[in-house]
Amino acid sequence: MRDLGREQMIIVGTSHGMLRWFVDDLPADSVVLIEEPDVIRRRDVDGLAERLPFISRLVAAEYQTGLDAAALLARDPALASARLVMPGLEYAVGAAARLADALGLPGAGVEAADVFTDKHRMRLVAAGAGIVNPAFELVDDPERAAAFARRHGGRCVLKPTRRSGSLGVQILNDPEQVAAAWAETAAPEDTPDATDRGLPTDVLVEQVLDGREHSVELLVVDGEVIFGNVTDKRVQPGRRPVETGHTVPSLLPGDVQRALLDAATRLAGAAGFRTGVLHSEWMVADGVPALVECAARLPGDMITALISVAYECGFIEAYLRVLRGERPEPPVLPVRPTGGAAVEFLLAPQGTVTGIDGVRAARRVSGVLNVQLDVGVGDTVGEVTHSLARSGHVLAWGADATEATASAAKAAEQVQIVTG
């Protein structure tokens, strides 16, 4: 990134995958990384910071259950010289917004950050703006959730109000399943990026929406959308709808894409979202978008890489530039993609990995840009209940979305992860 000097950027929260994106783009000693003390110990964040030359130093601070920005700045006054603050993961969205606000820097805004990190508040804001929601209810026991399911055809979705990566999200097709499934949503399993203090959550029960999922990525400056993209999503069938792949650009008709972009823009405005990336997920029925989820941060699952490839642009650089508040003009991104890009995630069978074959063959498939394995021989693979439980990915490009999707799928088929 241009003109970024020493310790000019603060990243709150450690996403190992996201930090790898910055290796070639950020100058040495330009980033201060803020992380929870227990996460630092558990994930060896000290070691990670030493290996990444753009990280100047690591600051231990509790932020996932609420950040006192004034106290942090009093303890570490050097942070006040930062010109950019960004969240590194979902659990840092509120803290990054508060720190940016305290420093007078661009960001999502505290109110919008709080809306988009609480799925129930998000539903209420969307409903107030006339955006289509499924029926929903905040519930505090499984009996109420089961009663909701009976009122809506015997099916329901259970969601934690404060989690990400599909963690704790379940689609249930029988009210009698709710009692046994309740704990998985009400008290989701810990993930490596979550603090040991625990992250409080409530339970939201929703009407099941049937259809294909899509996401919208908006780049927003001072409340004005300067770039919009629609992504096609593929999800795992069954009880746990974890994403299995994405394609940019969407193959939806133009009028449906415009409806999605309009709905996402109205949602951003209703929440008072100020500056940054807003990633929202939708289902379309009869041409009308219905809201599924929304996050006030960069999307995961390689979507930013897909946008950069398909539009031949520096999407991450543009995001960082708007967070710096560059003037007189914000960055200009292409209106239309010039090609296609797709990612397919590798889903290994449950068990202990005894062998991995076909990686070289996958890399030889036309259009493949990257094959990444997140498991190795001897690792234990569990059920894919959230995005961190997947076993790797294949990234590919093509002349258009169809070609890119086919290349990613063909390459993923070559990789055989054997478990026993």
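Here, the structure is the one placed above.
Now for a quick tour of the structure. Note on numbering: residues in each chain are counted from 1, in written sequence order. In keeping with the model being predicted, local features are shown solely for residues with a pLDDT of at least 70 and side-chain atom pairs are shown and tallied solely at 80 or more, while totals for entire chains, interfaces and linings include all residues. To obtain the side-chain values, all non-hydrogen atoms of the structure were used and water was disregarded.

Within a beta sheet, neighbouring strands are joined by backbone hydrogen bonds and run either parallel or antiparallel to one another. Strand order in the open sheet formed by four strands is β3-β2-β1-β4, with parallel pairing between adjacent strands. Each of the sheet's edge strands pairs with one partner strand only, and the pair in question is β3 (55-60) and β4 (84-87). The mean inter-strand angle of the sheet, taken between neighbouring strand axes irrespective of direction, is 20°. Two strands qualify as a pair provided that DSSP identifies no fewer than 2 bridges between them. The secondary structure listing takes helices from DSSP runs of H or I that are at least 4 residues long and strands from runs of E that are at least 2 residues long, numbered from the N terminus. With four bridges joining them, strand β1 (residues 9-12) and β4 adopt parallel strand pairing. Among the inter-strand pairings, Ile11 is bridged to a residue of β4, identified as Met86. By definition in these notes, contact holds between two residues if any of their heavy atoms fall within 4.5 Å. The axes used here are C-alpha line fits, helices contributing only the stretch in contact, and every angle between their N-to-C directions lies in the interval 0 to 180 degrees. Contacting β1, β2 (31-35) and β4, helix α5 (residues 93-103) runs over the sheet at an angle of about 165° to β4. Strands in contact with helix α12 (residues 315-323) are β1 and β4; relative to β4, the strand with the most contacts, it is inclined by about 125°.

Time to look at the layout of surface pockets. Here the second largest pocket is characterised by a volume of approximately 240 Å³. In this analysis the probe radius is 1.4 Å and the grid spacing 1 Å, with only protein atoms considered; a cavity is a set of points the probe fits into but cannot get out of, a pocket is an open set with protein on both sides within 12 Å along at least five of seven lines, and lining residues have an atom within 4 Å of a point. Considering the residues around the second largest pocket, the lining is formed by 15 residues, among which Gly228, Gln257, Leu261, Tyr311 and Val335 are closest to the centre. Mapped onto the lining of the second largest pocket, the elements with two or more residues apiece are β10 (224-235) and α10 (254-271). Top contributing element to the lining of the second largest pocket by residue count: β10, with six residues. Grid points are joined across faces, edges and corners, and a volume is the space filled by probe spheres set on the points.

Attention shifts here to the environment of Gly392. Along the chain, Gly392 falls in strand β18 (residues 392-398). Residues Gly392 and Val415 lie 23 residues apart in sequence; the distance between their C-alpha atoms is 10.0 Å. Among all residues touching Gly392, those that are not within four sequence positions of it are Glu344, Phe345, Leu346, Gln372, Leu373 and Asp374.

We describe a pair of aromatic rings using the distance from one ring centre to the other and the angle between the two ring planes. Stacked, edge-to-face and tilted labels apply to pairs of Phe, Tyr and Trp rings (six-membered ring for Trp) whose centres lie within 6.5 Å, assigned for plane angles under 30 degrees, over 60, and everything in between, in that order. Here the structure, examined in full by the defined rule, presents three aromatic pairs. Ring geometry for Phe22 against Phe54: centres 6.3 Å apart, planes inclined by 85°, an arrangement best described as edge-to-face. Of this pair, Phe22 sits in the loop between α1 (16-21) and β2 while Phe54 sits in the loop between α3 (45-51) and β3, and the two are 32 residues apart along the sequence. When sorted by exposure, Phe22 lands in the same class as Phe54, which is buried. Ring geometry for Phe227 versus Tyr311: centroids 5.1 Å apart, planes at 75°, classification edge-to-face. In this pair, Phe227 sits in strand β10 while Tyr311 sits in helix α11 (residues 303-311), placing the two residues 84 residues apart along the sequence. Per-residue accessibility, obtained with a 1.4 Å probe over protein chains only, is compared with the maximum for each type, and a residue is labelled buried under 20%, exposed over 50%, and partly exposed between these values.

Taken by themselves, the reported measurements are silent on function.
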